[in-house]
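Geometric and topological summary
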Amino acid sequence: MEYLKFIPEGWIETEANYALNNIKDAFENGKIMQGLVYDCDSRFNLHVKLGDGIIPRNEVDYIDSDEYGLARPSICMNKKNSYVQFKVKEIYDENKILLSRKKAYEDAFNWMKENLEEGMIIKGIVKNIRKYGVFIEIGAGVVGLLHIEDISVSRIKTPEERFTIGQKINVMIKSIDKINNKIVLSYKELCGTWDENIEGLSEKMIVKGIVKEADKYKNGLFVELKPNLVGLAEYKDGYQYGQSVDVYIKKIIKEKQKIKLVIV
């Protein structure tokens, strides 16, 4: 699998004192730029450290906008103190520059349609967490969905057990719908295989784990040793989901990829 960071040709990063001639070059050649949002005003326009760079509310978001093309206020406010990608739409003078995240998104998704393939591993940032999954931005406002069942082999009740807003992670491209502009991601493949996770563990060891759930017949408790490694402990009352426990490794059955545990 190939590791990939979203850097299309012409990508440049900018700082507050970036020279005007570089901004003009980006404008004339359609380059994507990056800058820090330092303010969201009362009209939900974003102010960027790029001279007097402004991203109007109607240029903030490509997908999550109303019928008038305006991004939701919460989307705009959440961009404050974050780096965002954009294209220069218009230069009025040395201190007034009109920017657009929408145009950067269009270029980014077109680039991704041509270059991304299923199975590739790319870098992303956690933007939103819901019960059913995590929205990961993988470049210039392009967001992919990581479903909860694709986070780990070990079952979890909420993605917040694994991720926090703003966290940078690697994800795998699971599928790309190039017609509807939808990207589905996966994370569990990056947590290692069963054989890789079992390395360093042996029978008669005592290790830490996290109680996940009882099997439906209460014959045992599933205990997570690693995100992609779960064993079955002998059932005991009084243990709750998410509780940290010490477990004794009673038996490792490699041919069946099973681990028998005892809570100590």
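What comes next concerns the included structure. No experiment lies behind these values; they were computed from the predicted model shown.

Thresholds applied
- Residues numbered from 1 in each chain as written.
- Predicted model: local features only at pLDDT ≥ 70, side-chain atom pairs only at ≥ 80, totals over all residues.
- Heavy atoms only, no water.
- Phe/Tyr/Trp six-rings, centres within 6.5 Å; stacked < 30°, edge-to-face > 60°.
- Buried < 20%, exposed > 50% of the residue type's maximum accessible area, 1.4 Å probe, protein only.
- Helix = DSSP H or I, 4+ residues; strand = E, 2+ residues; numbered from the N terminus.
- Lys NZ or Arg CZ within 6 Å of the ring centre and 35° of its normal.
- Pairing = 2+ DSSP bridges.
- Salt bridge = Lys/Arg side-chain N within 4 Å of Asp/Glu carboxyl O.

**A look at the packing of aromatic side chains**
The full count for this structure, using the stated rule, is 2 aromatic pairs. A ring pair is formed by Tyr-132 and Phe-135, whose centres lie 6.2 Å apart and whose planes are at 90°; its orientation type is edge-to-face. We classify Phe-135 as partly exposed; its relative accessible area is 24%. Taking the centre distance of 5.0 Å and the plane angle of 85° together, the rings of Phe-163 and Tyr-187 count as edge-to-face. Taken as a pair, Phe-163 in the loop between strand 9 (142-147) and strand 10 (168-177) and Tyr-187 in the loop between strand 11 (182-186) and helix 4 (194-198) lie far apart in primary sequence, 24 residues in all. Phe-163 sits in the buried class, given a relative accessible area of 2%. Here Tyr-187 falls in the buried class, since its relative accessible area comes to 19%. The side chain of Lys-157 reaches across the aromatic face of Tyr-241, ending 4.3 Å from its centre.

**Here we look at unusual backbone geometry**
Trans is the common state for peptide bonds, and a negative phi is the common state for residues other than glycine. Backbone geometry at Phe-44 places phi at a positive 65°, although glycine is not the residue there. Along the chain, Phe-44 turns up in the loop between strand 2 (33-40) and strand 3 (46-49).

**Brief notes about the pairing of strand 13 (residues 220-226)**
Of all 7 residues that make up strand 13, 5 are buried, and the element is covered over most of its length. Across 6 bridges, the pairing between strand 13 and strand 14 (residues 229-234) is antiparallel. By the bridge assignment, Gly-220 is partnered in strand 14 with Glu-234. Taken together, strand 13 and the strand that follows it, strand 14, pair antiparallel across an intervening segment of 2 residues.

**Overview of the pairing of strand 8 (residues 133-139)**
Along strand 8, 6 of the 7 residues are buried, which leaves the element largely enclosed by surrounding structure. In this sheet, strand 8 lies alongside strand 7 (residues 121-130) in antiparallel orientation, the contact comprising 5 bridges. Note that in strand 8 the partner of Asn-128 across the bridge is Phe-135. Turn length for the strand 7-strand 8 hairpin, with the two strands adjacent in sequence and antiparallel, is 2 residues. Bridge count between strand 8 and strand 9: 6 bridges; the pairing is antiparallel. Counterpart to Ile-136 in the pairing with strand 9 is Gly-144.

**A word on the pattern of salt bridges**
Where charged atoms from two side chains of opposite charge come close, those side chains can pair. If you walk through the whole model with that rule in mind, you get 11 salt bridges. With a closest N to O distance of 2.9 Å, Asp-25 and Lys-31 form a salt bridge. Taking relative accessible area as the criterion, Asp-25 reaches 28% and is therefore assigned partly exposed. Residues joined in a network through salt bridges with shared partners are Glu-161, Arg-162, Lys-212 and Glu-224.

Worth remembering: the numbers are spatial, not functional.
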